[in-house]
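Topology and contacts: notes
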Amino acid sequence: MVQRRSLLKVAAAGGIATLVPWSRLTGSTAAQATEVAEPAHSAPFAHPMPLPAVLRPARRTRTSDLYEIRMRQTRAELVKGLSTPVRTYGGTFPGPTVNAWRGREVVIRQINELDVPTAVHLHGAHVLSEHDGLPMDTIAPGGERTYHYPNEQHAASLWYHDHAHHLEAENVYRGLAGLYLIRDPREELLPLPSGTHDIPLVIRDARVEADGSLVYTRPTDCPHMLVNGKERPYTEVAARKYRLRIYNTCVNRYVRLRFADNTPFTVIGTDGGLLESPVQAEDLLMLGGERVEVVVDFSRHRPGTSVVLENTAALATERPEVLRFDVTRTAVDLSYVPRRLTWRQPLPRPTVERSFELRTFPEMTINGRLYDPNRTDVTARLGTTELWTVTNAEAPVPAGRPDFHLWHSFHTHLTYFRVVERNGKPADSRDAGLKDTVTLAPGETVKIKMTWGPYAGQYLYHCHQLGHSSGGQMGRIDVVD
Ligand code: C2O
Ligand code: CU
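The text that follows walks through the structure, step by step, so that each part is easy to find. Throughout, residues of each chain are indexed from 1 in the direction in which the sequence is written. Written order decides the labels, with chains lettered from A and ligands numbered from 1. Two thresholds apply to this predicted model, a pLDDT of at least 70 for residue-level local features and 80 or more for giving and counting side-chain atom pairs, whereas whole-chain, interface and lining totals are computed over all residues. Side-chain calculation: all heavy atoms of the structure are included, whereas hydrogens and water are not.

Within the protein chain one finds 5 helices and 32 strands. Expected size for 481 residues packed as a compact globule is a radius of gyration near 23 Å; at 21 Å, the protein chain falls within 12% of this value. Seen through its C-alpha atoms, the protein chain measures out along the principal axes to roughly 65 × 55 × 50 Å. Burial classes follow relative accessibility: with a 1.4 Å probe on protein chains only, a residue under 20% of its type's maximum area counts as buried, one over 50% as exposed, and anything between as partly exposed. Considering the protein chain as a whole, with its 481 residues, one finds that 58% of them fall into the buried category. If you take every contact in the protein chain between residues at least 6 apart in sequence, the share linking residues at least 24 apart comes to 77%. As displayed, the protein chain offers around 19100 Å² of accessible surface, 51% of which is attributable to carbon and sulfur atoms. Positive charges come from Lys and Arg, negative ones from Asp and Glu, while His and the chain ends are left out of the count. A charge is said to be at NZ when it belongs to Lys, at CZ for Arg, at CG for Asp and at CD for Glu. Placing the 56 positive and 54 negative side-chain charges of the protein chain at their respective mean positions leaves the two points 2 Å apart. In DSSP terms, a helix is any run of H or I states spanning at least four residues, a strand is any run of E spanning at least two, and both are numbered starting from the N terminus. With the radius of gyration taken over C-alpha atoms, the globule rule is written as 2.2 Å times the number of residues to the power 0.38. Whether two residues touch is decided by their heavy atoms; if any such pair falls within 4.5 Å, the residues are in contact. All accessible-area figures derive from a Shrake-Rupley calculation using a 1.4 Å probe, and residue coverage is judged against the displayed protein chains alone.

Sites may look incomplete, because water is not among the atoms used; the donor set itself consists of N, O and S atoms within 2.8 Å of the metal (3.2 Å for Na, K and Ca). Within the protein, the atoms that donate to the copper ion (ligand 2) are His408 (ND1), Cys463 (SG), His468 (ND1) and Gln473 (OE1), at distances of 2.0 to 2.2 Å. Note on geometry labels: four donors, all angles 85 to 135 degrees, give tetrahedral; four donors become square planar and six octahedral when opposite donors are over 155 degrees apart and every other angle is between 65 and 115; remaining cases are irregular. Taken together, the 4 donor atoms surrounding the copper ion (ligand 2) define angles of 97 to 130° at the centre, an arrangement classified as tetrahedral. Motif for the copper ion (ligand 2), donor spacing along one chain: H-x54-C-x4-H-x4-Q. Here His408 is found in strand E26 (residues 408-412), whereas its partner His468 is found in helix H5 (residues 466-470), with 60 residues between them in sequence. By relative accessible area, which is 0% here, His408 ends up buried. Relative accessible area serves as the criterion here: at 2%, His468 is assigned to the buried category.

So, about the pattern of salt bridges. Salt bridges are defined as contacts in which a side-chain nitrogen from Lys or Arg sits within 4 Å of a carboxyl oxygen from Asp or Glu. All told, the structure shown has 38 salt bridges when counted by the stated rule. Glu357 is paired through a salt bridge with Arg359; the nearest N and O atoms lie 3.3 Å apart. Salt-bridge contacts for Arg369 lead to Asp377; the nearest nitrogen and oxygen are separated by 3.4 Å. Of the residues examined, Arg369 reaches a relative accessible area of 39% and is grouped as partly exposed. Linked through salt bridges whose partners overlap, the residues forming this network are Arg183, Glu187, Asp198, Arg243, Arg245 and Glu293.

Another aspect to go through is the sheet that holds strand E8 (residues 156-162). Taken in spatial order, the 4 strands make up an open sheet running E4-E9-E8-E6, and their pairing is mixed. Sheet topology places strand E4 (95-101) and strand E6 (120-123) at the edges, where each strand pairs with a single neighbour. Averaged over all pairs of adjacent strands, the angle between strand axes in this sheet comes to 20°, irrespective of strand direction. Here a strand pair is declared whenever DSSP counts at least two bridges between the two strands. An axis is simply a line fitted to the C-alpha atoms; with a helix, the fit covers only the stretch in contact. Between two such axes, the angle follows the N-to-C directions and lies from 0 to 180 degrees.

We now examine the side chain of Asp184. Considering the arrangement of structural elements, one finds Asp184 in the loop between strand E9 (177-183) and helix H4 (185-188). A distance of 3.1 Å separates the side chain of Asp184 from the side chain of Arg102, its partner in a polar contact. A polar atom in the side chain of Asp184 sits 2.9 Å from the backbone nitrogen of Arg186. Each residue touching Asp184, except ones within four places of it in the same chain, is listed here: Trp101, Arg102 and Ala155. Between N or O atoms, a polar contact is any pair within 3.5 Å; within protein, one atom must be a potential hydrogen donor and the other a potential acceptor, and residues adjacent in sequence are included only when both atoms are from side chains.

Quick look at the environment of Gly304 now. By the secondary structure assignment, Gly304 is in the loop between strand E19 (291-297) and strand E20 (306-311). For the pair Gly304 and Glu421, spaced 117 residues apart in sequence, the C-alpha to C-alpha distance is 44 Å.

This paragraph deals with unusual backbone geometry. Residue Pro94 follows Phe93 across a cis peptide bond; omega there is -5°. Here Pro94 lies in the loop between strand E3 (84-89) and E4. Residue Pro454 follows Gly453 across a cis peptide bond; omega there is 5°. Tracing the sequence through the fold places Pro454 in the loop between strand E30 (445-451) and strand E31 (457-463). The backbone of Leu414 shows a phi angle near 70°, a positive value even though the residue is not glycine. Relative to the assigned elements, Leu414 resides in the loop between E26 and strand E27 (418-422). For Asn423, which is not glycine, the phi dihedral falls at a positive 50°.

Of the two faces of strand E15 (residues 255-259), the one lined by Val255, Leu257 and Phe259 is fully buried and the one lined by Arg256 and Arg258 carries no buried residue. Relative to strand E18 (residues 284-286), E15 runs antiparallel, the two sharing 3 bridges. Paired with Arg256 across the strands is Leu285, a residue of E18. Judged from the 3 bridges that link them, E15 and E20 form a sheet pairing that is antiparallel. Note that in E20 the partner of Arg258 across the bridge is Glu310.

Spatial relationships are all this shows, so hold off on functional conclusions.
Below you can see the structure in the form of structure tokens.
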């Protein structure tokens, strides 16, 4: 018999995830089966990569675009030849993309035709608290709610997803996620690749069983990697530059992306939109919730050749391929990445400091506490700049062991932040730009600063490994005037 003490020690050392019941790691209260049988066999590059559907406004007024979305259960082909039940916004997996313009309001009427409560959060948006999709502000099955988004912010790649208390991880996993792009006429003037050369890649893992069912379970049991809803697809590109808006929408894992042949790329933006100046890179580490925008030049590749985007953080039991680009033709390309992309107002000096410690064991906590919607954890004054020290208190595990459950992805609602420091050193290009999500490997500490605003009200900060937030790794912040 294994002694309880040694079990605890393994767990404390961040040991084998299987010693801890999956429900404890996710706080899952859902009765859905997490039992896995046989994953669907799937050959890579069996389907062309689709682009998410674009949502058309139901109506336009002088100031606003009005949309309607029905959340409903339907079926989608994630793995070639299999029909999988999914929870969707408007019947598509992922949900339809909303194209917004800076300064023009978007109003979305969300109708819940699912049999679970939902709450729609627009990740990365400056919105009033009542439109933020707070965990307790749910839409009951059969109900509806209308959300208002002012879009008084810079162009950026946002996404909307579920946030219903204890349910968000499974709801997002089952399909409740869609893109929301804020555009800005000034950004459109830049010579960046645009139009059909500006492509979103929504990357996430999944567990599709041989019978087509989708099982919500630990990431180490999720061998399928989807891009825009299809398992390891391929896409045809011209030998020219493309802008790729990369999203990690995995609920419980990080990915490390690079091209199999080390094709370099230029990072032009992150969560909060364009960087001030571009940065060259060869790989990207992305945890749940993060966005990175890159420009890749496929003219380095001859027409007729292919290049594969890989996840080097795939487990030994998984395939590393994520997406194959087939370079099919030459093209005239007048686009380029300017040396200066934008300018951002520097943040004032912080006047308030706080610290936050995130733990996986014994429970998913922040500063030792589980989320309680009736408890205010932080009160911040509107307009105040604060410096937050955020620590992942779990110890690293020996290389080669699955450690997804020990990573945290710290996310704040309402405002963006700057990463000032990582592990005592000034933040480097990996943490550049305006962020709303920052990754923390086991043992890491970051310092971030932000100005609380532009609205007062009740908001959240939490881990964006949604299994963790569903399990309670979330805090309430009240911004007061
Ligand atoms: Cu993308 Cu509170 O979440
Ligand atoms: Cu976490």
